[in-house]
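# Residue-level structure breakdown
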Amino acid sequence: MIKLLLIMVCFFSLTPKEFQTPQGYLLSIANNHVLADTTKTPKYVIKKSTKNTQWTVDQRKLLITVLAKSDEEGLNPKNYQIEKLEKYEMMDSISETDILKYNLLLSGNLKKYISHLTNGKLNPRKLYADWDLKENRIEIDTIMLRLETGDSLAQKLETLKPQHSIYKKLKKALQIINTYPDDPFKKINIAKSIVPNSDNRLLINIKKRLIYWHDLEASDSLTTFYDSLTVNAVKKFQWRHGLVVDGIIGMGTIASLNYTKEDRKQQIIANLERWKWYPRDMGSEYIIINIPDFRLTLVKGSDTIRSHKAIVGRAERATPILSSTLTHAVFNPTWTVPPTILREDVIPEILKSRSYLAEMNIIIYDEKGNVVSPENWQLSQAKNYRYVQTPGAFNSLGMVKLIFPNRFAVYLHDTNHRDYFEKTGRSLSSGCVRVNNPLELTEYLLDDPVNWNLEKITTTLQKAQTIQAPIRKEVNIHILYWTAWCQDDTLIFRDDIYNLDADLYNKL
């Protein structure tokens, strides 16, 4: 009876209709669902209530294609039961029960895909104690309703993806690495560095790797001599991997050469997951710091305004991942020694010699705020004291620090070891981020050419008094972590200094 009713509707109605079945479900047929062969049961969608999503044939096909291509977003199509969905879609005839199952299966997997696309598969707040990122909140039912109604389903789905340029560069990197053939290489081991104009049997395999990664042009014959063409290829490889660009093949270069295609692909996928966690709206003007790249970038709109070298926390004192808003600058800052540095660095030095306190210009205060002389310092009370380094060029924070609210008490600051910025690997701090040329950055952020131009800032520093200056415009700060991207269709990688990539990929 139901089948006959449906066939009649196909012939006599020009608009979609809904009918109540004995089971209490609503059957919906649209014009574009009509089959030429009316002996077959038309494909239609059942809904239990108006809250359940109905999909047209074209919508279903589009959604299945999107789910099947979810690997382009670093996701796994198998998580969305693609084979089952395709099996339903290929049926020539389908029962009422199977239609209900199909509808629920498609909608359920679409919801899962949207959740993974907008917030990632994993929750960083459960994985890491030092990651402080707010969840990208979404109203899944509202999104489903918006997808169902109106046109441009493909465009609506596209807007759900992270839109930041780095995410797009990661997608491009995944696309590029998928074009590489499987690599048959074995690990290379060297006893000592290989220098230009030398002869070494390992250079045959090294050259093969460089050719594979498109850093060296292919040649009909490969020799064991380290020639100038190979030196330039090694320098290109070193630049792509954030290594010292000197053409010397040392342990670091070999370690990067030993990464396989699969290693790098997994690294890219792990970074795509992270970028699904990161804020969708970075702000109209913001500072973004990539910890493994040791780089601070100031962005306004879509333009890069400034870029500074940065020094970040070493692995055992990692810089936390967070988002906040800059509030003020402090010139000639004092430095209150934090608990970890006090326990691991300062107290051991005091035990060696009380003169350490005078050498470092550190003043000790007891719980009542009274000054404690080095001679009266007691180990039993050591952790109850407050240790403050006075302002000056010798101060660990340098001449300025930039403050933003966060639960880790970290900030941006100058340093009294500016020579460290000449190092390639700059994972050297105790958690805070040191910035090269911080006065120019501070002048820009204060945005007050009358009271806080560079000349006025220099005068303030010469007074050696601690002074605060508010940052009046809204500038967000995002301290993030990513180790892969592409630049002008060239794959770029950085050392995973906190050893997070492989573990994250395995959890996916």
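Being a predicted model, the structure only gives us computed values, none of them experimental.

Moving on, we come to the overall build of the protein. Looking only at helices and strands, one finds 17 helices and 21 strands in the protein. Long-range pairs, those at least 24 residues apart, make up 65% of the contacts in the protein with a sequence separation of at least 6. Total accessible area on the protein stands at roughly 26000 Å², and carbon and sulfur atoms take up 51% of it.

Here Lys236 lies in helix 10 (residues 228–240). The spacing of Lys236 and Leu216 is 20 residues in sequence and 8.9 Å in space, taken between C-alpha atoms. In this view, Lys236 contacts His214 and Asp215; residues no more than four positions away in its chain are not counted. Only 3.2 Å separates the side chain of Lys236 from the backbone oxygen of His214, close enough to count as a polar contact.

For a regular strand, side chains alternate in direction, first toward one face of the sheet and then toward the other. Direction of pairing for strand 4 (residues 131–132) relative to strand 8 (residues 321–325): parallel, over a ladder of 2 bridges. In the sheet register, Asp132 faces strand 8, and the bridge partner there is Leu322. Of the pairings in the sheet, the one linking strand 8 to strand 19 (residues 476–480) comprises 4 bridges and is antiparallel in character. Across the sheet, Ser323 pairs through a bridge with His478, a residue of strand 19.

What follows deals with helix 12 (residues 261–277). Between the first and last C-alpha of helix 12 there are 25 Å, a value that for 17 residues agrees with the 24 Å anticipated at 1.5 Å per step. Burial analysis of helix 12 places 13 of its 17 residues in the buried class, the great majority of the element.

Once that is clear, we can look at the confidence of the model for the protein. With 90% of its residues at a pLDDT of at least 70, the protein reaches an overall mean of 89. Below pLDDT 50 for its whole length, residues 1–51 participates in 89 contacts with residues either more than four positions away or in separate chains.

Read across the open sheet, the 4 strands follow the order 10-13-11-12; overall the sheet is antiparallel. The strands lining the two open edges of the sheet, one partner per strand, are strand 10 (335–336) and strand 12 (371–372). Both strand 10 and strand 13 (residues 386–389) contribute to a ladder of 2 bridges, which runs antiparallel. Among the inter-strand pairings, Thr336 is bridged to a residue of strand 13, identified as Val388.

In this section: the packing of helix 4 (residues 96–119) against helix 6 (residues 140–148). Between helix 4 and helix 6, the shortest axis-to-axis distance is 11 Å and the interhelical angle comes to 115°. By crossing handedness, the relation of helix 4 to helix 6 is classed as right-handed. In this structure, helix 4 uses Ser107, Leu110, Lys111 and Ile114 to contact helix 6, whose residues at the interface are Ile140, Asp141, Ile143, Met144 and Leu147. Split into classes, the residues belonging to the contact of helix 4 with helix 6 amount to 6 nonpolar, 1 polar and 2 charged.

Taken N-terminus to C-terminus, the directions of helix 2 (residues 57–68) and helix 4 make an angle of 45°; their axes are 11 Å apart at the nearest point. Relative to helix 4, the element helix 2 lies oblique. Helix 4 is crossed by helix 2, and the crossing has left-handed handedness. For the pair helix 2 and helix 4, the contacting residues are Arg60, Leu63, Ile64, Val66 and Leu67 in the first and Tyr102, Leu106, Asn109, Leu110 and Tyr113 in the second.

The subject of this paragraph is the pattern of salt bridges. Under the definition given, this model contains 20 salt bridges. Across the pair Arg343 and Glu344 runs a salt bridge whose closest N-O atoms are separated by 3.8 Å. Its salt-bridge partner being Asp414, residue Arg418 comes within 2.5 Å of it at the nearest N-O pair. Among the residues examined, Arg418 registers a relative accessible area of 45% and is labelled partly exposed. Judged by its relative accessible area of 2%, Asp414 is buried. Connected via shared salt-bridge partners are Glu73, Glu158, Lys161 and Lys171.

Tallying each qualifying case throughout the model produces 15 aromatic pairs. By way of ring pairs, the aromatic residues Tyr128, Trp131, Trp275, Trp277, Tyr278 and Trp482 are connected into one cluster. A cation over an aromatic ring shows up here: Arg264 above the ring of Phe493, its NZ or CZ 4.3 Å from the ring centre. The positively charged end of Lys401 is found above the aromatic ring belonging to Tyr411, 4.9 Å away from the centroid.

Cut-off values and rules
Residues numbered from 1 in each chain as written. Predicted model: local features only at pLDDT ≥ 70, side-chain atom pairs only at ≥ 80, totals over all residues. Heavy atoms only, no water. Helix = DSSP H or I, 4+ residues; strand = E, 2+ residues; numbered from the N terminus. Contact = heavy atoms within 4.5 Å. Areas by Shrake-Rupley, 256 points an atom, 1.4 Å probe, with all protein chains shown as cover. Polar contact = N/O pair within 3.5 Å; in protein donor to acceptor, adjacent residues only side chain to side chain. Pairing = 2+ DSSP bridges. Expected span 1.5 Å × (residues − 1). Buried < 20%, exposed > 50% of the residue type's maximum accessible area, 1.4 Å probe, protein only. pLDDT = per-residue confidence, 0-100. Axes fitted to C-alpha atoms, helices over the stretch in contact; angles between N-to-C directions. Left-handed = near helix turned anticlockwise from the far one by under 90°. Nonpolar A, V, L, I, M, F, W, Y, C, P; charged D, E, K, R; others polar. Parallel < 35°, antiparallel > 145°, perpendicular 65-115°, else oblique. Salt bridge = Lys/Arg side-chain N within 4 Å of Asp/Glu carboxyl O. Phe/Tyr/Trp six-rings, centres within 6.5 Å; stacked < 30°, edge-to-face > 60°. Lys NZ or Arg CZ within 6 Å of the ring centre and 35° of its normal.

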